[in-house]
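Working through the structure, step by step
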Amino acid sequence: GVYFKIEEAEIDNGIMSMVNFSQAYILVYYSYVTGNEIDENGENVDVRSQSFFRMNFTGNILNILENDPSNTIIQDADANANMIEGDETLYLKGGEGSMTVLNLFSGETLDEDGNLVNSLDYFKSKKESWLINEANITFYVNQNLVNSQEPDRVMLYDLENNLPIVDYFFDSSTNNTNPLNSKVLYSRILERDEDDNGIKYKLRLTEHINNILLRDSTNVALGLVIAANVNTIDELELLDGEDEVVNAVPLCQFLSPRGTVLHGSTGVVPEDKRVNFEIFFSEPNEIPND
């Protein structure tokens, strides 16, 4: 086999390089005897020709990646996760890192009469009266905790079917040449300030919400992950995964070593920094009885 070992770069930000092994090969150049001839000294010598042998990279390919603990802000973020009320801080990291699980319409909300009702039941009760125009979810970067280069893209995917949400497939802005600018309607590139610090990620889930409201689709848990290349959505199963919710991640999460820290949705987070889930809708006007 062939073994590649990467040495540490002597620069501040390191080096990232993606290698497409499906197009890689090794060329072995050699010479071989094709006959004999008499040289100028009258001696019998071999006549040789040049050729090469091409070996394609097929078979098993294995990556052995080791996480550097110094690049992870909190070692056991998932162990401290609050599965009921949510978390104040959300940690995302590529490779063998961390992700965030979202449960939309969890808890209770106030109806038109001021009564506390189940959020999902209330939303579904609007099936005949609401026309969903757009739905977005926005995550704000916690610059107090970020200590490295931030990823430009994140992705929302369906944890039950291990696929991106349906809005990904509705997005026609696919760019195979430059993945950074691909699927930018579904998942916008990280918005940055004048100092190049990340401000927020915004994702569109209009069709996903429409499926829940109009087509009675299951309100599945969603995963938020780093996306090194949003075009790469192959499923990677987790080795010895025992989690009842997460059993696989998209390949785009595994390909990036970068990470970021986001504000959560609890009451201790400043209101202008909390996770913001918006639904824009139209509803019919009441016709007066004349």
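Notes on the structure follow. Quantities reported herein were computed from a predicted structural model and do not represent experimental measurements. (Residues numbered from 1 in each chain as written. Predicted model: local features only at pLDDT ≥ 70, side-chain atom pairs only at ≥ 80, totals over all residues. Heavy atoms only, no water.)

**Focus: helix 3 (residues 206-214)**
Counted residue by residue, helix 3 has 7 buried out of 9 residues, so it is predominantly covered. When we look at burial in helix 3, the residues that qualify are Thr206, His208, Ile209, Asn210, Asn211, Ile212 and Leu213. Each element contacted by the buried residues of helix 3 is listed here: helix 1 (119-124), strand 7 (131-140), helix 2 (166-170), strand 11 (198-204), strand 12 (222-226) and strand 16 (276-282). In the segment just after helix 3, aspartate 216 is the residue with positive phi, at about 55 degrees. (Buried < 20%, exposed > 50% of the residue type's maximum accessible area, 1.4 Å probe, protein only. Helix = DSSP H or I, 4+ residues; strand = E, 2+ residues; numbered from the N terminus. Contact = heavy atoms within 4.5 Å.)

**Structural notes on the environment of lysine 200**
Looking at the secondary structure, you find lysine 200 in strand 11. The partly exposed category is assigned to lysine 200, whose relative accessible area is 23%. It is 5.5 Å that separates the C-alpha atoms of lysine 200 and phenylalanine 139, two residues lying 61 residues apart in sequence. Not counting residues within four places of it along the chain, the set of residues in contact with lysine 200 comprises Thr138, Phe139, Tyr140, Val141, Leu190 and Glu191.

**Concerning the sheet that holds strand 16**
The strand order across the open sheet formed by 4 strands is 10-11-7-16, and the pairing between neighbours is antiparallel. The strands lining the two open edges of the sheet, one partner per strand, are strand 10 (191-192) and strand 16. Where strand 7 lies against strand 11, 5 bridges are found, and the strand directions are antiparallel. Residue asparagine 136 lies in a different strand from strand 11, and its bridge partner there is arginine 204. (Pairing = 2+ DSSP bridges.)

**Describing the sheet that holds strand 12**
Pairing within the open sheet is antiparallel, and its 4 strands lie in the order 4-12-8-9. Whereas interior strands pair on both sides, the edge strands pair on one side only; in this sheet they are strand 4 (100-102) and strand 9 (163-164). Sheet topology places strand 8 (residues 154-158) next to strand 12; 5 bridges connect them, and they run antiparallel. Of the residues in strand 12, the one forming a bridge with valine 154 is isoleucine 226.

By themselves, these figures tell us nothing about what the structure is for.
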